[in-house]
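# Structural features, examined
For reference, the chains in residue letters:
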Amino acid sequence: MTIESLPAGEAGTVGASVLDVEELTVTFTRRGEQPTRAVDGVSFSVGPGETVGLVGESGCGKSVTSLAVMGLLPSRGVQVGGSVRLDGRELLGAGDRALRRLRGADMAMVFQDPLSSLNPTVPIGTQVTEVLLEHRDMSRKEAGDEATRLLDRVGIPDPSRRLKEYPHQLSGGMRQRALIAMALACAPRLLIADEPTTALDVTIQAQILELLRELVVDSGTALVMITHDLGVVAGLCDRVHVMYSGRIIESADRHELFAQPRHPYTGGLLASVPRLDAARGAPLHPIRGSARDAIPWAEGCAFAPRCDNAQDDCLTEVAGSTVPLEYDGPGRELRCRHPLQHPRSPAGATASGAAR
Amino acid sequence: MTAVPSADSTAADSTAADPLLRVEGLQVHFPIKRGVIVDRTVGHVRAVDGVDLSIARGSTYGLVGESGCGKSTLGRAVLRLVEPTAGRVVFDGTDVASLQGEPLRTMRRRMQMVFQDPLGSLDPRQNVESLLSEPLRAHGLGGGKRGIAERIRTLLDAVGLPSAALRRYPHEFSGGQRQRIGIARAIALEPDLLIADEPVSALDVSVQAQVVNLLEELQERLGLTYLVIAHDLAVVRHISDVVGVMYLGSLVEQAPSDVLYSEPLHPYSRALMSAVPVPDPVVEESRERILLAGDLPSPANPPSGCRFHTRCPWRQETRCDDEVPVLRELGTGHLVSCHWAEEIRDGVLRPRSAEEVAATQGVSVRPTGAADPESDALVQGVDEPIEWR
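A quick note: this is a predicted structure, and the numbers were derived from the prediction, not measured. (Residues numbered from 1 in each chain as written. Chains lettered and ligands numbered in written order. Predicted model: local features only at pLDDT ≥ 70, side-chain atom pairs only at ≥ 80, totals over all residues. Heavy atoms only, no water.)

This part covers the sheet that holds strand 9 (residues 239-244) of chain A. All names here are of chain A. Pairing within the open sheet is mixed, and its eight strands lie in the order 6-7-8-3-9-10-12-11. Only two strands of the sheet have a single partner each, and these edge strands are strand 6 (107-110) and strand 11 (326-327). Across four bridges, strand 6 lies against strand 7 (residues 190-194) in parallel orientation. Residue pairing across strands places Val110 opposite Ala193, the latter belonging to strand 7. Running at roughly 175 degrees to strand 6, helix 8 (residues 172-184) makes contact with strand 6 and strand 7 of the sheet. (Pairing = 2+ DSSP bridges. Helix = DSSP H or I, 4+ residues; strand = E, 2+ residues; numbered from the N terminus. Contact = heavy atoms within 4.5 Å. Axes fitted to C-alpha atoms, helices over the stretch in contact; angles between N-to-C directions.)

What follows is the structure, given as structure tokens:
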């Protein structure tokens, strides 16, 4: 696999990468059942001030990836393999105490549902200052002032009043802002946002995305954006990894990905969403079946049963090996034997030709 | 669809003959109760507050708006799943709002609903056969056991499910298949009107398109009339002929789908359209974006005058705060409730930035502590946060 060489080249332009994930695998085991491999050999890296998108449908392993990076998966029945390095420090296998020191300080996470990730019985102020007291050695008074400043920074009006309120008294957008404020309290090097706008309305979504964009630019935080919304990715992410059934199937810079999707799954996703700026009445081209129809990667390409380009050698029995993630032109990687062809893509054409 | 269903446009009335559904001044208010022993009503949530609309036969009316704007309540009130407080719902010449008992039950055969959450709206203990035959038996249709079995098979065919599905239970299906069952159940009685409340929002992106295509295909084959309620503007635009935009319980704009999306006139519609991300980085970078200040005000205590004036970038000193705008027709079938729609369209009035609106209305929209984003090279090429044309 060539993924190691690729981010290194990229990281050279922006300095060393903040997060390096290599060959991450997460397996869930349960007595009496076949182990489920939710994440299978995922590798990516994020530089400072860079936004990386993990895109995929429900069940593709994108959230499990983020939980594994944060070390938030339960220890029972879960095996995590590979390597996760934050600023060069290995996180997998690090002790709970070490992880606790990092979480909230050097890496932080924004969850999808702000109401269930805030404690309903504790005022917002206490929840925000808790992070500051824990990680920044502040007195209560300093922490209170700092919390006011943080809420103001994320655009919550009248912050000193809001600090005394409980989560249910805030609107959805404000709760999400409060969560972002907590995540930013210690100016983390890495911020993971797991579907941060899925529960919100479009006008609020626009506000939150704007906020995240400014924070990345402002503080040089590395942002990992996990989403299923291709529109969000197009506006925010520098680099996009498309996941399917636990593996990355295509990686590219956003411009190239949207202009020339190479994997049939990526192309299918783009063709199946109606666009506001396209002509109306154009028929949608859905992907056949659903994510349930995936086959294990060991038996070939998981997407093969739903793929229009699938041929006999997409299954292992014919080809002899699973479909690898391979170099596909500068800055791109692809896991497909029969990718979509675009008129002008010389590098991609040779790469796929070699793969055949 | 060229026919434009609009109550006060005579030109459209002649072409659309009589609309299948006409809603006049519909209001749904929910009381807010206080007190443990004695229930006191301390106020009302005005979920739907005076909505007029009409839907022509065989067309699709899309209703969009943010959560809490009353669009789902409107859909449910049309079917009398919630009782309207005031107003008329005229379905094919009959006022549904005044029907009671048996006539209402038979009337419901002709208007059916597809719900958002396919798993929550299907009984987990009924298999598909029982789920689909239940409405037929309830209305005494289908002609005996054999007739019903026959009907169910055609239904499954129509929604693209295998007949092996008959013996299976809802939990055995994927989300898209469950939604197909919900649709099959809704069309089992051959209704005239189908109200689809967020039919695809619970589904994965790749499956959404399948269901949207299915709805379109069924409309063509069965001549159905749709009222589609959704928050996804792109989906609504794709399937609707006429789109209505709701804000805080009332309709702020209604227009043929293409017109609304190419030239939204109401400030709220403009902001809504501009907030939808487009899956294309090139478009994303050049797109005009209108950020709104603050959140939706409480429907229990809506702002005076124009309900949008607290967040409106085009708010003027006069009229907006105290005078309630009415739906006016600007252009064929294009209804807008804004005092200044013409001036805004012609560019006479300039919008103010979200910060200015925030300053005058006491709400905020973006970080005040963040430095100027343009100072960083990383944003070069990324559009400015609040950019006005």
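Now, onward.
Moving on: the pattern of salt bridges. Residues and elements named next belong to chain A. Following the criterion strictly, the structure yields 41 salt bridges over all chains and no others. For Arg149, the salt bridge goes to Glu146, with nearest N and O atoms at 2.9 Å. Linking Arg149 with Glu146, this pair stays in helix 6 (residues 140-153), spanning three residues, or about one helical turn. Using a relative accessible area of 12% as the deciding quantity, one classes Glu146 as buried. One connected set of salt bridges, linked through shared partners, spans Asp158, Arg161, Arg162 and Glu165. (Salt bridge = Lys/Arg side-chain N within 4 Å of Asp/Glu carboxyl O. Buried < 20%, exposed > 50% of the residue type's maximum accessible area, 1.4 Å probe, protein only.)

With that out of the way, let us pick up the interface of chain A and chain B. Contact residues are listed per partner, giving 55 residues for chain A and 62 residues for chain B. Interface area, chain A with chain B, both sides summed: about 4900 Å², of which 58% is carbon and sulfur. The tally of links between chain A and chain B comes to two salt bridges. Among the ionic pairs, Asp280 of chain B bridges to Arg275 of chain A, the shortest N-O distance being 3.4 Å. (Buried area = accessible area lost by both parts, 1.4 Å probe.)

The two faces of a sheet get side chains in turn, since along a regular strand they alternate between them. All names here are of chain B. In this sheet, strand 4 (residues 86-91) lies alongside strand 1 (residues 21-34) in antiparallel orientation, the contact comprising five bridges. Across the sheet, residue Val23 finds its bridge partner in strand 4, namely Val89. Where strand 1 lies against strand 2 (residues 40-55), twelve bridges are found, and the strand directions are antiparallel. In the sheet register, Leu21 faces strand 2, and the bridge partner there is Ile55.

The next subject is unusual backbone geometry. Located in the positive-phi region is Ser245 of chain A, a residue other than glycine, with phi close to 50 degrees. Along the polypeptide, Ser245 of chain A turns up in the loop between strand 9 and strand 10 (247-253). Positive phi, close to 50 degrees, is recorded for Leu248 of chain B, a residue that is not glycine. Looking at the element boundaries, Leu248 of chain B is found in the loop between strand 9 (242-247) and strand 10 (250-256). Taking the relative accessible area as the measure of exposure, Leu248 of chain B reaches 1% and is therefore buried.

Residue and element names in this part refer to chain A. Roughly 660 Å³ of internal volume is contained in the second largest pocket. Of all the secondary-structure elements, those providing two or more residues to the lining of the second largest pocket are strand 6, helix 5 (124-135) and helix 8. Looking at which element gives the most residues to the lining of the second largest pocket, the answer is helix 5, with five residues. Across the lining of the second largest pocket, the residue classes tally to eleven nonpolar, five polar and four charged. Three or more residues apiece are contributed to the lining of the second largest pocket by two domains, here domain 1 (5-106 + 189-274 + 285-294) and domain 2 (111-185). (1 Å grid on protein atoms, 1.4 Å probe; cavity = no way out; pocket = protein on both sides within 12 Å on 5 of 7 lines; lining within 4 Å. Points joined across faces, edges and corners; volume = space filled by probe spheres on them. Nonpolar A, V, L, I, M, F, W, Y, C, P; charged D, E, K, R; others polar. Domains from an automatic or database assignment.)

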